[in-house]
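Architecture at a glance
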Amino acid sequence: MKLIVSLHTFVIRAMAVAAAVLMVAVMLTICLDVLIRNLDRQPSAHFFTFSEYALLLIPCLGAPWLVREKGHVYVELLLMALERPARKWLTRLISVVCIAICFTMAWYGFEVTVLDWVQNNKDVRSFDAPRWAIVMWIPISFLFMGLEFVRYLWRDESPLAALASESGGGSH
């Protein structure tokens, strides 16, 4: 079991690092694009395509890490108005709803990815890319986010940063 947990943690961290690298690469690509335009040259059409794909991949790769680090955005106004026992049950309900949504999106995403694979669909931009290779990151992301919410529920830990001290655990 420890091996699976370690592998899960490694994958989430690797995805986050890949998202960070992509953010820097998009920034450099945009800077290069602007520089080339200012030199009265035509930049590569691949710059734009790369940025489009990266803007899909960055949130998909980074979201599971954000859930793990409790860095996602939420509104705690209602939760803080509740008494502690009600707040604890509502955070559990929130976790269950998040699990259901994430696993549903992962399932649907895997269906789309497999269909794109089977039908050999292409995404035609400045170059042709297999569509499955682009969309596969969506179900992977939702799967890992769902697993993170399961982890919070299993540990009886709040997935919300402000409530971490009230739950059973706050460590990662």
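Provided above is the structure to which this section pertains.
Rules used throughout
- Residues numbered from 1 in each chain as written.
- Predicted model: local features only at pLDDT ≥ 70, side-chain atom pairs only at ≥ 80, totals over all residues.
- Heavy atoms only, no water.
- Helix = DSSP H or I, 4+ residues; strand = E, 2+ residues; numbered from the N terminus.
- Rg over C-alpha atoms; globule rule 2.2 N^0.38 Å.
- Buried < 20%, exposed > 50% of the residue type's maximum accessible area, 1.4 Å probe, protein only.
- Contact = heavy atoms within 4.5 Å.
- Areas by Shrake-Rupley, 256 points an atom, 1.4 Å probe, with all protein chains shown as cover.
- Expected span 1.5 Å × (residues − 1).
- Axes fitted to C-alpha atoms, helices over the stretch in contact; angles between N-to-C directions.
- Parallel < 35°, antiparallel > 145°, perpendicular 65-115°, else oblique.
- Left-handed = near helix turned anticlockwise from the far one by under 90°.
- Nonpolar A, V, L, I, M, F, W, Y, C, P; charged D, E, K, R; others polar.
- Core = buried A, V, L, I, M, F, W, Y, C linked by side-chain atoms within 4.5 Å.
- Salt bridge = Lys/Arg side-chain N within 4 Å of Asp/Glu carboxyl O.

Digging into the overall build of the protein chain
Looking only at helices and strands, the protein chain has six helices and two strands in total. The secondary structure elements of the protein chain, listed N-terminal to C-terminal, are α-α-α-α-β-β-α-α. For the protein chain, the C-alpha radius of gyration of 20 Å lies well beyond 16 Å, the compact-globule estimate for 172 residues. In terms of its C-alpha atoms, the protein chain occupies a principal-axis envelope of roughly 65 × 40 × 30 Å. The proportion of buried residues among the 172 residues of the protein chain is 34%. Sequence-distant contacts, at least 24 apart, represent 69% of the contacts inside the protein chain between residues at least 6 apart. Surface accessibility of the protein chain: about 10,900 Å² in total, with carbon and sulfur atoms responsible for 72%.

What to know about helix α1 (residues 2-38)
The end-to-end C-alpha separation of α1 is 54 Å, in line with the 54 Å expected for 37 residues at 1.5 Å each. Taken together, the buried positions of α1 are occupied by H8, T9, I12, M15, A16, A19, L22, V26, T29 and D33. In this structure, the buried residues of α1 make contact with α2 (45-68) and α6 (137-154).

A few points about the packing of α1 against α6
How two helices pack is summed up by the angle between their axes together with the distance between the axes. Contact pair α1 / α6: the axes reach a minimum separation of 12 Å and the direction vectors enclose 130°. Between α1 and α6, the interaxial angle falls into the category oblique. Considering only the axes of α1 and α6, their crossing is left-handed. Only I140, S141, F144, L147 and E148 of α6 make contact with α1, whose side of the interface consists of H8, V11, I12 and M15. A per-class count over the contact of α1 with α6 returns six nonpolar, two polar and one charged.

Points about the nonpolar core
The biggest cluster of nonpolar side chains holds eleven residues, and these are I12, M15, A19, L22, V26, A54, L57, I58, L61, I140 and F144. For this core, the secondary structure elements donating two or more residues are α1, α2 and α6. It is α1 that contributes the most residues to this core, five residues altogether. Beyond its immediate chain neighbours, meaning those up to four positions away, A54 contacts L22, V26 and P59. Of all hydrophobic cores here, the second largest spans seven residues; its members include A63, V67, C102 and M145.

Quick word on the pattern of salt bridges
Here the structure, examined in full by the defined rule, presents eight salt bridges. Between D123 and R125 there is a salt bridge, with the nearest N and O atoms lying 3.0 Å from each other. In this structure R125 comes out as partly exposed when scored by relative accessible area, which is 40%. For the salt bridge of E148 with R151, the shortest nitrogen-to-oxygen distance reads 2.8 Å. Here R151 and E148 lie together in helix α6, a separation of three residues that amounts to about one turn. Take E148: its relative accessible area is 0%, and that puts it in the buried class.

Fair warning: the whole summary comes from geometry, so function is off the table for now.
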